[in-house]
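Topology and contacts: notes
So you can see what is in the structure, the chains are spelled out below.
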Amino acid sequence: MLLNFVKLGQGKPLVVLHGLFGSLDNWMSVGRKLSIHRTVYLVDLRNHGASFHHQDFDCQTMAGDLKSLLDHLDLTEIELFGHSMGGKVAMFYAAEHSLDIGKMIIADIGPKQYPVHHDHIISSLQSIDPGSYSSRGEADQQLSQYISEKGTRQFLLKNLKRNSDGQFEWKMNLPVISKNIHEVGQELDPNAVINTPTLFIRGGRSDYIVKNDYPDIHRQFPSSEIITIPSAGHWVHAEAPQEFLQLAENFLLQ
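Strands in a sheet are paired, the pairing made by backbone hydrogen bonds, and the direction either parallel or antiparallel. Spatial ordering of the open sheet is given by β1-β3-β2-β4-β5-β8-β9, a layout of seven strands whose pairing is mixed. Looking at which strands have only one partner, the edges of the open sheet turn out to be β1 (5-9) and β9 (224-229). Put simply, the sheet's adjacent strands are angled 15° from each other on average, direction ignored. Examined bridge by bridge, β1 and strand β3 (residues 38-43) share five bridges and lie antiparallel to one another. In the strand pairing of β3, K7 is matched with Y41. Along the sheet, helix α2 (residues 59-73) contacts β1, β2 (12-17), β3 and β4 (78-83); its crossing angle with β2, the most-contacted strand, is approximately 155°.

Next up, the structure:
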């Protein structure tokens, strides 16, 4: 089974991996802008977007999915871009296939072990029944009882789709994601050293990468740079799009 993807532009291949609860649709705007200089492959990871659902769900397995897709596309020299969970998958892929990667960008995630951050979101999503709503507005109203931030709700509700009966259902495989949520924060093998030139872009208002993480990041990624966008939180590309794109383009084109 191959991952769903969208191809944009022309030039060197750049593969973009979304985060947890996301999909390639969240990166379409960024992808279009980056495709001026690159062939951009926006990818849906397993159990997300339009990609296949499967009971196995962890970073190593998702890195294997990426390898299968790249082999199918006959892409042997790529640049790799991952946000949050997608960044973890990128690191796991690079640990085994670093020679295939020219450059890598990791957005607001490090190689360390992360505790479960999203238990409230999981329980909130499990508390609503998409099939009982006739509109996204109804689903949003119900979800607002559990999640107050409108932007977060809008992001999560992009996962709604209508099935063949016209009823709403989740695109993502919520039961499997819920069961295996702890796997998303897996630690990269601490003995892995990845010499690929890597840019870590962190949000200044996010705690996913903190100053104490810098030594371990530089140890495992000797050719890395860490740059902070002070005004952004975890969703750096959405909260500071111009700064984010400028950093990405400068790194890729230098």
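Structure's up, so let's keep going.
Moving on, we come to helix α10 (residues 241-253). The end-to-end C-alpha separation of α10 is 18 Å, in line with the 18 Å expected for 13 residues at 1.5 Å each. Among the residues of α10, those classed as buried are F244, L245, L247, A248, F251 and L252. Within α10, the buried residues cover an arc of 160° as seen down the axis, which keeps them to one side.

Counting residues in hydrophobic clusters, the biggest one holds 61 residues, and the most contacted among them are V15, L17, F21, L80, M104 and L125. Broken down by element, this core gets its largest block of residues, seven residues, from helix α3 (residues 85-97). Beyond its immediate stretch of four places on either side in the chain, M104 contacts L80, A90, A94, I194, T196, P197, T198, L199, F221 and F251. Counting residues in each nonpolar core, the second largest holds 25 residues, with V40, A107, L199 and V236 among its members.

Let us now look at the layout of surface pockets. Here the largest pocket is characterised by a volume of approximately 690 Å³. Around the largest pocket sit 29 residues that line it, and G151, T152, F155, W235 and E239 are the ones nearest its centre. Mapped onto the lining of the largest pocket, the elements with two or more residues apiece are α1 (28-34), α4 (119-126), α6 (150-157), α9 (236-239) and α10. Of the residues forming the lining of the largest pocket, the biggest block, five residues, is contributed by α6. Here the residues of the lining of the largest pocket are counted per class, giving twelve nonpolar, twelve polar and five charged. Space inside the second largest pocket adds up to approximately 150 Å³.

Moving on, we come to the packing of α2 against α3. At a minimum axis distance of 8 Å, the contact between α2 and α3 shows a crossing angle of 70°. With respect to each other, α2 and α3 are oriented roughly perpendicular. Regarding α2 and α3, the two cross each other, and that crossing is right-handed. Note on element contacts: α3 touches α2 through M85, K88, V89, F92, Y93, E96 and H97, opposite C59, Q60, M62, A63, L66, K67 and L70.

Calculation notes
Residues numbered from 1 in each chain as written. Predicted model: local features only at pLDDT ≥ 70, side-chain atom pairs only at ≥ 80, totals over all residues. Heavy atoms only, no water. Pairing = 2+ DSSP bridges. Helix = DSSP H or I, 4+ residues; strand = E, 2+ residues; numbered from the N terminus. Axes fitted to C-alpha atoms, helices over the stretch in contact; angles between N-to-C directions. Contact = heavy atoms within 4.5 Å. Expected span 1.5 Å × (residues − 1). Buried < 20%, exposed > 50% of the residue type's maximum accessible area, 1.4 Å probe, protein only. Arc of directions from axis to C-beta. Core = buried A, V, L, I, M, F, W, Y, C linked by side-chain atoms within 4.5 Å. 1 Å grid on protein atoms, 1.4 Å probe; cavity = no way out; pocket = protein on both sides within 12 Å on 5 of 7 lines; lining within 4 Å. Points joined across faces, edges and corners; volume = space filled by probe spheres on them. Nonpolar A, V, L, I, M, F, W, Y, C, P; charged D, E, K, R; others polar. Parallel < 35°, antiparallel > 145°, perpendicular 65-115°, else oblique. Left-handed = near helix turned anticlockwise from the far one by under 90°.

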